[in-house]
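One-letter residues, chain by chain:
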Amino acid sequence: DAKTTQPPSMDCAEGRAANLPCNHSTISGNEYVYWYRQIHSQGPQYIIHGLKNNETNEMASLIITEDRKSSTLILPHATLRDTAVYYCIVRTHNYNQGGKLIFGQGTELSVKP
Amino acid sequence: SQTIHQWPATLVQPVGSPLSLECTVEGTSNPNLYWYRQAAGRGLQLLFYSVGIGQISSEVPQNLSASRPQDRQFILSSKKLLLSDSGFYLCAWSVEGNQPQHFGDGTRLSIL
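These numbers were taken from a predicted model, which means no experiment stands behind them. (Residues numbered from 1 in each chain as written. Chains lettered and ligands numbered in written order. Predicted model: local features only at pLDDT ≥ 70, side-chain atom pairs only at ≥ 80, totals over all residues. Heavy atoms only, no water.)

Participant: Sorry, what's going on with the overall build of chain A here?
Facilitator: When helices and strands are tallied, chain A shows 0 helices and 9 strands. Secondary structure of chain A in N-to-C order comes out as β-β-β-β-β-β-β-β-β. Against the globule reference of 13 Å for 113 residues, chain A gives a C-alpha radius of gyration of 14 Å, in line with a compact fold. With the C-alpha coordinates of chain A rotated into their principal frame, the extents come out at 45 × 30 × 25 Å. Counting every position in chain A, which comprises 113 residues, the buried fraction comes to 43%. By sequence separation, contacts in chain A at least 24 residues apart represent 57% of the contacts at least 6 residues apart. When the accessible surface of chain A is split by element, carbon and sulfur atoms take 47% of a total near 5800 Å². (Helix = DSSP H or I, 4+ residues; strand = E, 2+ residues; numbered from the N terminus. Rg over C-alpha atoms; globule rule 2.2 N^0.38 Å. Buried < 20%, exposed > 50% of the residue type's maximum accessible area, 1.4 Å probe, protein only. Contact = heavy atoms within 4.5 Å. Areas by Shrake-Rupley, 256 points an atom, 1.4 Å probe, with all protein chains shown as cover.)

This is how it looks when you write it as structure tokens:
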């Protein structure tokens, strides 16, 4: 599975959009990009995933560059409750491995009033 | 809808004691099941995964074992806990294909 690179920390003002970048320059054609977040002392929460097209759901938008070497997670109107560590993960589904996730260190997002 | 339950939420055990953590999933059949561990200040590490009853794959050599006695039940065990087994243990489930894994609330294990 491809390795990802994320900034260790970011700040965002409450009510503004939070744009979290992720580099995955070694991604292969069948690998998806996943985003999770982990609020302190809780289990990771799934946010969104995509292959090549941009995706949007009730939580966030995922923008994947045309060459798929990087992506951006967008929280359109950040709230204090969005303060968490955000993980960008790329993986394929290998049936023999059950499609494991490899978590890096993520980006610690602090939303400030 | 699908739900995942882990218990207990916190556990304090002496070195050398046994361990049994349980995870159950509701609302889905034949899920893939996973055990992860998160040491303090670090990312998650996959310990075990299972694609079916009785089928367990271990990702790292360690003092722990896993079992899947029923379709939606996943158990993490140890015969003798070590200090290094302390951490935050998370169970997760997914269906086949490139679908997300969903995590439980975790068990925080402290070894004294």
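Participant: Would you mind showing me how to read the overall build of chain B here?
Facilitator: Each helix and strand in chain B was counted, giving 0 helices and 11 strands. Whereas a compact globule of 112 residues would reach a radius of gyration of roughly 13 Å, chain B reaches 13 Å, a difference of no more than 12%. For chain B, the C-alpha atoms occupy an extent of roughly 40 × 25 × 20 Å along the three principal directions. Across the 112 residues of chain B, 49% fall into the buried class. If you sum the accessible surface of chain B, you get close to 5200 Å²; carbon and sulfur atoms cover 51% of it.

Participant: Would you mind going over the pairing of strand β8 (residues 73-78) of chain B with me for this structure?
Facilitator: Two faces, one strand: in a regular strand the side chains alternate between the faces of the sheet. All names here are of chain B. Among the 6 residues of β8, 5 are classified as buried, and the element is accordingly described as predominantly covered. With 6 bridges joining them, strand β3 (residues 19-26) and β8 adopt antiparallel strand pairing. Counterpart to Thr-24 in the pairing with β8 is Gln-73. Where strand β7 (residues 65-70) meets β8, 4 bridges bridge the pair, whose relative direction is antiparallel. (Pairing = 2+ DSSP bridges.)

Participant: Is there a simple way to think about the nonpolar core in this case?
Facilitator: In globular proteins that are soluble, nonpolar side chains generally tend to be buried together. Residues and elements named next belong to chain A. In this structure, Trp-35, Leu-73, Tyr-86 and Leu-109 are the most contacted members of the largest nonpolar core, which totals 21 residues. Counting residues per element, this core draws most heavily on strand β8 (residues 84-91), which supplies 4 residues. For Leu-73, the residues in contact, after removing those within four places along its chain, are Ala-18, Asn-19, Leu-20, Trp-35, Ile-47, Ile-48, Ala-60, Ser-61 and Tyr-86. (Core = buried A, V, L, I, M, F, W, Y, C linked by side-chain atoms within 4.5 Å.)

Participant: Whenever I open this one, the environment of Thr-79 of chain A confuses me. Can you help?
Facilitator: Residues and elements named next belong to chain A. Within the fold, Thr-79 resides in the loop between β7 (70-75) and β8. What makes Thr-79 partly exposed here is its relative accessible area of 29%. Spatially, the C-alpha atoms of Thr-79 and Arg-91 are 29 Å apart, while their sequence positions differ by 12 residues. Setting aside its immediate chain neighbours within four residues, Thr-79 contacts Glu-14 and Val-111.

Participant: Help me out: how do you make sense of the sheet that holds strand β3 (residues 32-38) of chain A in this one?
Facilitator: Through backbone hydrogen bonds, the strands of a sheet pair up, either in parallel or in antiparallel fashion. Residues and elements named next belong to chain A. Spatial strand order, β1-β9-β8-β3-β4: 5 strands in an open sheet with mixed pairing. In this open sheet, the two edge strands, each paired with only one partner strand, are β1 (9-13) and β4 (45-50). Taken pair by pair, the neighbouring strands of this sheet meet at an average axis angle of 25°, ignoring direction. In the sheet, β3 pairs with β8 via 7 bridges, with the strands oriented antiparallel. Across the sheet, Tyr-34 pairs through a bridge with Ile-89, a residue of β8. (Axes fitted to C-alpha atoms, helices over the stretch in contact; angles between N-to-C directions.)

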